[in-house]
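Residues per chain are reported as follows:
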Amino acid sequence: MRTMGLIFTSIHERNVPELTAARSIASVPFGGRYRLIDFLLSDMVAANVSTVGIITKYNFQSLMDHVGSGKNWDLARKNGGIVFLPPYGGDSRMLYTSRLDAIKSVLIFLKNCTEDIIIMSDCDFACAFNMSKAVDYFVEKNSDITVIYREKVPDGDEIKHRNAIVTDKNMNVVDIVPAQQNNGANKLMTNMLIMRRDFLIKLIERCAAVGMKSFSRDVLPFAIREYRVSAYGIDGFFASIESLQAYFRYSMQLTDKTVRDSLFKSVEVYTKVRDSVPCRMGDGAHVNNSIVADGCVIEGTVENSILFRGVKIGKGAVIKNSVIFQDADIGERCKLGYCIADKKTVIKPGKNLSGCETLPYFIPKDTVL
Amino acid sequence: MQKKCVAMLLAGGQGTRLYALTTKLAKPAVSFGSKYRIIDFPLSNCANSGIDTVGVLTQYQPMLLNEYLGNGEPWNLDRSHGGLHVLPPYLAKSGGEWYKGTANAIYQNAAFLNAYKAENVLILSGDHIYKMDYSQMLEYHISKNADCTIAVIDVPIEEAPRFGIMSFDDDGRITDFAEKPKKPKSNHASMGIYIFRRDVLLDELSAEERNPDSSFDFGKDVIPSMIKGGRAMYAYKFTGYWKDVGTLRSLWEANMDILSGVLNLSDGFKIFSRNKAYPPSFMGSDARVKNTVMTAGCEVYGDVKNCVLSEGVIIEEGAKVTDSVIMRDTVIGKNSVVSYSVIDEGVQIGAGCKIGGATDAQKDPTLIGRDKHIPDKSVIGAGEVIE
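Within each chain, residue numbers correspond to sequence positions counted from 1 in written order. Following the order in which they are written, the chains are lettered starting with A and the ligands numbered starting with 1. Under the rules for a predicted model, residues below a pLDDT of 70 receive no local features and side-chain atom pairs below 80 are neither given nor counted, while totals for whole chains, interfaces and linings still include all residues. Hydrogens and water are ignored here; the side-chain numbers use all heavy atoms of the structure.

Engineer: Kindly report on the overall build of chain A, identifying the contributing residues and their values.
Structural biologist: Per the convention used, a helix needs a DSSP run of H or I reaching at least four residues, while a strand needs a run of E reaching at least two, with both numbered from the N terminus. For chain A, the helix and strand inventory stands at nine helices and 28 strands. Using C-alpha atoms as the atom set, the radius of gyration is obtained and then compared with a globule rule of 2.2 Å times the number of residues to the power 0.38. The C-alpha radius of gyration computed for chain A amounts to 21 Å, which stays within 12% of the reference 21 Å derived for 369 residues, consistent with globular compactness. When its C-alpha atoms are laid out on the principal axes, chain A stretches across 65 × 50 × 35 Å. The buried label applies to any residue whose accessible area, calculated with a 1.4 Å probe on protein chains only, is under 20% of its type's maximum; exposed applies above 50%, and partly exposed to all values in between. For chain A, buried positions account for 60% of its 369 residues. Two residues form a contact once any of their heavy atoms are found within 4.5 Å. Considering only intrachain contacts with a sequence separation of at least 6, the fraction spanning at least 24 residues in chain A is 58%. All accessible areas in this document rest on Shrake-Rupley with a 1.4 Å probe, and a residue is counted as covered only by the protein chains that are shown. Accessible area of chain A: about 14900 Å², with a carbon and sulfur share of 49%.

Engineer: Let's hear about the environment of Trp98 of chain B: which residues, and what values?
Structural biologist: Residues and elements named next belong to chain B. Mapped onto the fold, Trp98 is located in the loop between β5 (83-87) and α3 (102-107). Distance from Trp98 to Gln59, taken between C-alpha atoms, is 7.7 Å for residues 39 residues apart in sequence. Residues in contact with Trp98, not counting those within four places in the same chain, are Gln59, Pro89, Asn104 and Gln108.

Engineer: Describe the environment of Asn172 of chain A, with residues and values.
Structural biologist: Residues and elements named next belong to chain A. Structurally, Asn172 is set in the loop between β9 (163-167) and β10 (173-178). Among the residues examined, Asn172 registers a relative accessible area of 26% and is labelled partly exposed. Residues Asn172 and Ala231, spaced 59 residues apart in sequence, show a C-alpha to C-alpha distance of 6.0 Å. If we ignore the near neighbours within four places in the chain, the residues touching Asn172 are Lys141, Val166, Thr167, Val229 and Ser230.

Engineer: Residue-level account of the packing of helix α6 (residues 197-209) of chain A against helix α7 (residues 215-226) of chain A, with values.
Structural biologist: Residue and element names in this part refer to chain A. It is at 11 Å that the axes of α6 and α7 come closest, and there the two elements cross at 115°. Taken as axis vectors, α6 and α7 run roughly perpendicular relative to one another. The way α6 lies across α7 gives a crossing that is right-handed. Two secondary-structure elements touch here, α6 through Leu203, Ile204, Arg206 and Cys207 and α7 through Phe215, Val219, Phe222, Ala223 and Glu226. Residues are sorted three ways: Asp, Glu, Lys and Arg are charged, Ala, Val, Leu, Ile, Met, Phe, Trp, Tyr, Cys and Pro are nonpolar, and all the rest, Gly among them, are polar. Residue composition of the contact of α6 with α7, by class: seven nonpolar, no polar and two charged. For helices, the fitted axis covers only the stretch in contact; all axes are lines through C-alpha atoms, and the angles between them, taken along N-to-C directions, range from 0 to 180 degrees. These descriptions rest on fixed angle ranges, namely under 35 degrees for roughly parallel, over 145 for roughly antiparallel, 65 to 115 for roughly perpendicular, and the rest for oblique. By convention the crossing between two helices is left-handed if the near helix lies anticlockwise of the far one by an angle smaller than a right angle, and right-handed if it lies clockwise.

Engineer: Can you break down helix α1 (residues 36-46) of chain A residue by residue, with the values?
Structural biologist: Note that an α-helix has 3.6 residues per turn; residues three or four places apart therefore point the same way. Residues and elements named next belong to chain A. Among the 11 residues of α1, 10 are classified as buried, and the element is accordingly described as predominantly covered. For α1, the set of buried residues is Leu36, Ile37, Asp38, Phe39, Leu40, Leu41, Ser42, Asp43, Met44 and Val45. At the exit of α1 stands Asn48, carrying a positive phi of roughly 60°.

Engineer: Run through the interface of chain B and chain A, naming residues and quoting values.
Structural biologist: On the chain A side, the residues contacting the 36 residues of chain B number 35 residues. Carbon and sulfur atoms make up 47% of the area that chain B and chain A hide from each other, which totals about 2700 Å². Just to be clear on terms, a salt bridge is a Lys or Arg side-chain nitrogen sitting within 4 Å of an Asp or Glu carboxyl oxygen. Counting across the chain B and chain A interface gives four salt bridges. The partner of Asp294 of chain A in a salt bridge is Lys35 of chain B, with the nearest N and O atoms 3.0 Å apart. Think of a polar contact as two N or O atoms within 3.5 Å of one another; within protein, one of them needs to be a possible hydrogen donor and the other a possible acceptor, and neighboring residues in sequence only count if both atoms come from side chains. Our enumeration of links across chain B and chain A arrives at 25 residue pairs in polar contact (both at pLDDT 80 or more). Mapped onto the side of chain B that touches chain A, the elements with two or more residues apiece are α8 (248-260), β14 (281-283), β15 (288-290) and β16 (292-294) of chain B. Relative to β14 of chain B, strand β16 (residues 290-292) of chain A runs antiparallel, the two being bridged by three bridges. Residue pairing across strands places Ser290 of chain A opposite Met283 of chain B, the latter belonging to β14 of chain B. Values labelled buried area give the accessible surface lost by two parts on being combined, using a 1.4 Å probe and summing over both. Note on pairing: DSSP must find at least two bridges between two strands before they are called paired.

Engineer: Can you break down the pairing of strand β12 (residues 229-234) of chain A residue by residue, with the values?
Structural biologist: Regular strands show a simple pattern: their side chains alternate between the two faces of the sheet. Residue and element names in this part refer to chain A. Most of β12 sits inside the fold, with five of its six residues counted as buried. Note that strand β8 (residues 145-151) and β12 share six bridges and pair parallel. Looking at β12, one finds that Tyr149 is bridged to Gly233.

Engineer: Which residues make up the sheet that holds strand β25 (residues 339-341) of chain A, and what are the values?
Structural biologist: The strands that make up a sheet are held in pairs by hydrogen bonds between backbone atoms, and each pair lies either parallel or antiparallel. Strand order in the open sheet formed by 11 strands is β28(A)-β25(A)-β22(A)-β19(A)-β16(A)-β14(B)-β17(B)-β20(B)-β23(B)-β26(B)-β29(B), and the pairing between neighbours is mixed. Looking along the sheet, the strands with just one partner apiece sit at the ends: β28 (361-363) of chain A together with β29 (373-374) of chain B. Inspection of the sheet shows strand β23 (residues 331-332) of chain B paired to strand β26 (residues 348-349) of chain B by two bridges, in the parallel sense. Residue pairing for β26 of chain B: Ile332 of chain B is matched across the bridge by Ile349 of chain B.

Engineer: How would you summarise the sheet that holds strand β18 (residues 303-305) of chain B if you had to cite specific residues and measurements?
Structural biologist: All names here are of chain B. Pairing in this open sheet of six strands is parallel, and the strands run β15-β18-β21-β24-β27-β30 from one edge to the other. This sheet does not close on itself; its edge strands, each paired only once, are β15 and β30 (379-380). Examined bridge by bridge, strand β24 (residues 337-339) and strand β27 (residues 354-355) share two bridges and lie parallel to one another. Paired with Val337 across the bridge in β27 is Lys354.

Engineer: Let's hear about the packing of helix α6 (residues 198-209) of chain B against helix α7 (residues 218-228) of chain B: which residues, and what values?
Structural biologist: All names here are of chain B. One can describe the packing of α6 onto α7 by two numbers: an axis separation of 11 Å at closest approach and a directional angle of 115°. Classified by the angle their axes make, α6 and α7 are roughly perpendicular. Remark: the crossing between α6 and α7 carries right-handed chirality. Of the residues in α7, those in contact with Val200, Leu201, Glu204, Leu205 and Glu208 of α6 are Phe218, Asp221, Val222, Ser225 and Met226. Taken together, the residues of the contact of α6 with α7 break down into six nonpolar, one polar and three charged.

Engineer: An account of the pattern of salt bridges is needed here, citing residue identities and associated values.
Structural biologist: Residue and element names in this part refer to chain A. The tally for this structure, following the rule as stated, stands at 36 salt bridges over all chains. A salt bridge links Asp342 to Arg23, with the shortest nitrogen-to-oxygen separation between them at 2.7 Å. With Asp342 in the loop between β25 and β26 (346-347) and Arg23 in the loop between β1 (3-8) and β2 (29-30), this pair connects stretches of sequence that are 319 residues apart. With a relative accessible area of 2%, Asp342 lands in the buried category. By relative accessible area, Arg23 is classed as buried at 2%. A salt bridge links Lys257 to Asp261, with the shortest nitrogen-to-oxygen separation between them at 3.6 Å.

Engineer: Give a detailed account of the pairing of strand β6 (residues 120-125) of chain B, specifying residues and quantitative values.
Structural biologist: Residue and element names in this part refer to chain B. In terms of burial, β6 is largely enclosed, as six of its six residues are buried. Residues of β6 alternate between two faces, with Asn120, Leu122 and Leu124 on one and Val121, Ile123 and Ser125 on the opposite face, all of them buried. In this sheet, β6 lies alongside strand β1 (residues 5-10) in parallel orientation, the contact comprising six bridges. In the sheet register, Ala7 faces β6, and the bridge partner there is Leu122.

Engineer: Which residues make up the packing of aromatic side chains, and what values do they have?
Structural biologist: In this analysis, rings of Phe, Tyr and Trp, with Trp reduced to its six-membered ring, are considered paired at centre separations within 6.5 Å, and the interplanar angle assigns stacked below 30 degrees, edge-to-face beyond 60, and tilted for intermediate values. Tallying each qualifying case throughout the model produces 24 aromatic pairs over all chains. Ring centres 4.9 Å apart and planes at 90° place the aromatic pair Phe199 of chain A and Tyr227 of chain A in the edge-to-face group. Of this pair, Phe199 of chain A sits in helix α6 while Tyr227 of chain A sits in the loop between α7 and β12, placing them 28 residues apart in sequence. Classification of Phe199 of chain A by relative accessible area gives buried; the value is 14%. When the centroid spacing of 4.8 Å and the interplanar angle of 85° are considered together, the rings of Trp252 of chain B and Tyr340 of chain B count as edge-to-face. Of this pair, Trp252 of chain B sits in helix α8 while Tyr340 of chain B sits in the loop between β24 and β25 (341-343), and the two are 88 residues apart along the sequence. For the pair shown, Trp252 of chain B and Tyr340 of chain B are each scored as buried. Among the aromatic residues, those joined into a cluster by ring pairs are Phe30, Tyr34, Phe39, Tyr247, Phe264, Phe308 and Phe325 of chain A. By definition here, charges over rings are those cases where NZ of Lys or CZ of Arg is within 6 Å of the ring centre and within 35 degrees of the ring normal. Over the face of the ring belonging to Phe8 of chain A we find Arg99 of chain A, whose NZ or CZ atom lies 5.2 Å from the ring centre. Positioned above the aromatic ring of Phe216 of chain B is the side chain of Lys100 of chain B, whose terminal nitrogen or guanidinium carbon lies 4.2 Å from the ring centre.

Here you go:
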């Protein structure tokens, strides 16, 4: 059985307008040196997925720059590999507006593929899990669709944009309901689905023919009534980027070793090679409980923070509880607390910036302060 | 297609003065500067100089080196025409033999140079750390209409007896060359980087093959005999950072040169390397890290000062590591003290060990060889080598 992937790189990006102003959700930086799509692609590669279609909509230059030919994930192949699927491809004359439209617009691509099984996924999360086990489960259950879910985290997990599934005792999906805090529906959909490629093509053609508009509101409920839809649960760290606050909270959790091991050690996570120089910590550096990527030059104090590649922290600067993106330059004696500084931010010496734990202060890309 | 310049990188040497570091791998594959291996420097120089065809001559322990080089993609050398070629010794219809010396290694691969119709051949070695734009040297070589151009660097006169030392006139034409002279006439040292016209090179190498007393070495045999024979030999002066890392002490020093900034890795002239998938590094709550460089995958919970850490190094709680070079995936156990040491890849140092002594310019650092397991509470003194 050969498996392919299909990734939606733009869905849900309105949830984090700050981070997606200059990029698609799939290329939002996460975890010190990665973009969200790195985790999904690496999970797929670990499960021997050899073809990955990447559906793009807006703002996909940064994503294309990051993924490139796919060689960093071993996905630059003669047959298959990374296939970018921008809008207006195939016979579509319109910019698609829904997931269903998007799949319809790539039907020709799907028909031309030769893989048996397809894993379809959004790209607004970071997690590492054994995808081939999920595929095995799908095959053993002889399902038409396997829905991948995770258990709702008891307190405070943002769920306002999520659906949950209801299953019978044999883990067959019987219903989809909006996820709410206390409705007993604890199996949150990850929006990862496994099915046979030819089944997906037939399902989409059949649903489109009767004028269905939405994949999650129309097609999935229809499929649950008509076909065998099973559920497969995953556990471990799952950073669902549903708001800037959620992004910040999940980033801070990476200072916990069990979280890091769950995300980084269960699957080898590949990313774009940047050939940065090694990170350098000077005589004035105090770096504690923090993640530091290559190319950083640190002369100040860094606590409970995530520094992406090539970040500069000047002498006497104090960075606490913050996430600093690639190539940001924090001047001498600056004080930052609960900040998210986007790529190439320049903070002039002596500035004092602070958000709070539940509302981090966001500094947009290329800002000079 | 004709190539203006093809590089030949001599990477077959054992590097005996690096002791345990080269037990299982060739010297050019030895780790350097946190995320690099020595060979990254000449290969990146090629990439940054527009040289797209490089033959890497291997002989001693080539397995890890070959794996590291792969198709040359990290150095932009995965090309349809040209690119990186690993050139080991081979058997031919009428025999075949090991490479007998640097000159013989090139001679045995004359067919490679002829296949690319290389106008000029750049000879490089895999044991120097430096950044150099070879295209400028090539321009100089062509403008002088030279048969051979040798890169030279001025060294302190007391160190001159370790090098090939030459004299040249105002035009740069070399008048005298002595390999490792006891009484050097100048401090102009050969960097072991040569550009030859291919026809001249192959003539000289086949003449050398017929010389029964030859040791088939560029510095000892080929260059002196070319000067004697009146060939147009020019010196190309280089003034940047350059260091021969053929000894344990010099390898340690070159690593420390990154910390002091003498060797600047972030000046825009990028050194490329093959990257493994490591997560970013993590500094624990009680970590104290000063004047240190590290790359991905490190976890530091103890004290680190004046160190160069490669990928995946773990420094456990209470450990104190100073003035040391720690290579890939090595673990320094709890409360261990490490000073003035070079610890090779994959070493496990137990808890409460004491490794190394005080920094001493007259003594080699302590060395622990690849994949060694050092039991708890071991004491390994200054200058010891654990192989």
